[in-house]
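# Analysis of the macromolecular model
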Amino acid sequence: MTRTGARTGAGAGVGSGARARSGVRSGARARTGVGNGARARSGARNGAGARTRLPTAVPTVRAAAALLAVAGLGHTLWTGIHDPGHALAFGVLITVGELARWGALPGEREPAPLGAAGALAYALLGRSGGESTHHGVLQVVAVLVAAHLVACVPHVARGTGPAPDQVARRVLTVTFAAVCFQPLYNSSRTASWSGEGPYYVLLLLAILVLTALCDAVLAALLLRSRTRHPYPPLLRDELRGLLGIGSAVCATGVVMALGVAVAGLWALPVLCVPLLLTHVSFRRFVAVRTTYRQTIASLARSTEIAGYTPHGHARRVAVLCRAVGRELGLSGNRLTVLEHAALMHDIGQLSLVDPVPDGATATLPAAEQRRIALLGGAVVRQTGVDPEVAVVVERQADPYREQPLSARIVRAVNAYDDLCGESLIGPLGALEQLRLGTAHDFSPEVVESLARVLARGGPAPVLPG
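The following paragraphs examine the structure supplied in this document. Predicted model only: the values in this text are computed from it and were never measured. (Residues numbered from 1 in each chain as written. Predicted model: local features only at pLDDT ≥ 70, side-chain atom pairs only at ≥ 80, totals over all residues. Heavy atoms only, no water.)

### Quick look at the overall build of the protein
Across its full length, the protein holds 19 helices and two strands. Relative to its 465 residues, the protein shows a buried fraction of 49%. Contacts in the protein between residues at least 24 apart in sequence constitute 75% of all its contacts with a sequence separation of at least 6. Surface summary for the protein: the accessible area is close to 21,000 Å², and the carbon and sulfur share equals 65%. (Helix = DSSP H or I, 4+ residues; strand = E, 2+ residues; numbered from the N terminus. Buried < 20%, exposed > 50% of the residue type's maximum accessible area, 1.4 Å probe, protein only. Contact = heavy atoms within 4.5 Å. Areas by Shrake-Rupley, 256 points an atom, 1.4 Å probe, with all protein chains shown as cover.)

Structure below.
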């Protein structure tokens, strides 16, 4: 609820608003308030330093990918192209896969699965039509980079296309797969180890599993460098993503390599069909998910349109809740539930006949606050949203020791945005008031996580109007 914890945070932590104000003026509690303010100011200074420091993983990954690209192109131009027909066929396949990248949305880990599968298949290609191939690791890199450069031209003309970090990840992971396979195959070690039967297929699958793990680790590392969120939840999200379209990409890469080894290049277009159908289905799923989220955002704006809450309040709370949830280790569905609950946390105010001035429901009796929260949960349940979202909305008025973690986050972040949005105390004063309310209303762990997010340059509060 908007402002349910804002003014309560100023005083309920020490019993009531009056006692909090008098306590801050008193000696011991005043010293506590000064200490909290000092910690908040220190966090702000640390935040300024964090914003000026450049993440080290991003330039390192880009530099490594650039060196590999230069080495691959230079070596291939110097020594010539081995098996040019295969290089051209796989280069065209990767280019088409990159061009088929349509409407990549935030959070999608593999917007060009056909290109990724083609690149992995070329890295794991040892024979074609029963004849051995002779391309090496550097030629694999050269074909991949050349295909990306060709595919980037129309994307750049439209102002879209993959981010540099995504291209760097692709170069490094495909190179990893080629390094694991090509030297072994060209030295005939794979024949002595696994032969050409089922064990050979298991070897290819094992290499692709390692490659997928490498890509997940690299993606989480890059995201960690940009956002400073804890690494384990980011890695769990990436590993969870491998179970979806990632597994289809890896399986198609193995099937392509094996199919070309037996039937030659004619197998490529036939083997692309299943992945294309999977991609189309995945895009439809993404469209449905996007519509679902837009519906939630529209419902969240109903309180703003009706004049119950300030403009942009729900959006600001949702963005900051997601960052704090990441800081506390939430990931996957739990993070999605938190974001949706933050967007809809004020919807219970629509049950009021007369709006509370400025939406300050903290001035209402506790029973009325609870009633508004329960009515908000009932509205959420009728929308068909995940029932866990309704639980978070219903529990946001409870004392924090009785709340689930998501409800604790929503209550603290909502109070912070309220204090920053309509008062003159600013972010430092808002954090100090939240810390004063940690005795009853706000979880100390959540408040300190919020302070860390803001210290790193997290979403800044936006004043209404």
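### Observations regarding the packing of aromatic side chains
For the coordinates displayed, the defined rule picks out three aromatic pairs. Connected via pairs of aromatic rings, a cluster forms that spans Phe181, Tyr185 and Tyr200. (Phe/Tyr/Trp six-rings, centres within 6.5 Å; stacked < 30°, edge-to-face > 60°.)

### Comments concerning the nonpolar core
Counting residues in each nonpolar core, the largest one holds 51 residues, and the members touching the most others are Phe90, Leu93, Tyr122, Leu124, Val174, Phe181 and Met256. If we skip the residues at most four places from it in the chain, valine 174 touches Ala119, Leu120, Ala123, Val140 and Leu144. Ranked by size, the runner-up nonpolar core spans 44 residues in total, among them Cys321, Val389, Val447 and Leu450. (Core = buried A, V, L, I, M, F, W, Y, C linked by side-chain atoms within 4.5 Å.)

### Considerations on unusual backbone geometry
Phi at aspartate 83 takes a positive value of approximately 50 degrees, unusual for a residue other than glycine. Overall, aspartate 83 belongs to the partly exposed group, its relative accessible area being 23%.

### Overview of the side chain of threonine 175
Structurally, the position occupied by threonine 175 is in helix 8 (residues 164-186). On the accessibility criterion, threonine 175 (8% relative accessible area) is buried. In contact with threonine 175, not counting residues within four places along its chain, are Leu68, Val137 and Val141.

### Looking at helix 19 (residues 444-455)
With twelve residues, helix 19 extends 16 Å from end C-alpha to end C-alpha; this agrees with the ideal 16 Å at 1.5 Å per step. Glycine 457 lies just past helix 19 and shows a positive phi near 90 degrees. (Expected span 1.5 Å × (residues − 1).)

### Thoughts on the packing of helix 13 (residues 313-327) against helix 14 (residues 332-343)
Two elements in contact, helix 13 and helix 14, have axes separated by 8 Å at closest approach and are oriented at 155 degrees. Of the possible angle classes, the one that applies to helix 13 and helix 14 is roughly antiparallel. Between helix 13 and helix 14 the crossing geometry is right-handed. Residues Ala314, Arg315, Val317, Ala318, Cys321, Arg322, Gly325 and Arg326 of helix 13 pack against Leu335, Leu338, Glu339, Ala342 and Leu343 of helix 14. When the residues that make up the contact of helix 13 with helix 14 are grouped by side-chain class, the tally is eight nonpolar, one polar and four charged. (Axes fitted to C-alpha atoms, helices over the stretch in contact; angles between N-to-C directions. Parallel < 35°, antiparallel > 145°, perpendicular 65-115°, else oblique. Left-handed = near helix turned anticlockwise from the far one by under 90°. Nonpolar A, V, L, I, M, F, W, Y, C, P; charged D, E, K, R; others polar.)

### Things to note about the environment of glycine 332
Mapped onto the elements, glycine 332 comes out in helix 14. Counting along the chain gives 98 residues from glycine 332 to leucine 234, while the straight-line C-alpha distance between them is 9.2 Å. Apart from the residues within four sequence positions on either side, glycine 332 is in contact with Asp237 and Arg240.

### Overview of the pattern of salt bridges
Under the defined criterion, the tally for this structure stands at 13 salt bridges. A salt bridge links glutamate 98 to arginine 170; its shortest N-O distance comes to 2.9 Å. With a gap of 72 residues between them, glutamate 98 in helix 5 (residues 84-99) and arginine 170 in helix 8 connect regions that are remote in the sequence. In terms of burial, glutamate 98 and arginine 170 fall into one category: buried. (Salt bridge = Lys/Arg side-chain N within 4 Å of Asp/Glu carboxyl O.)

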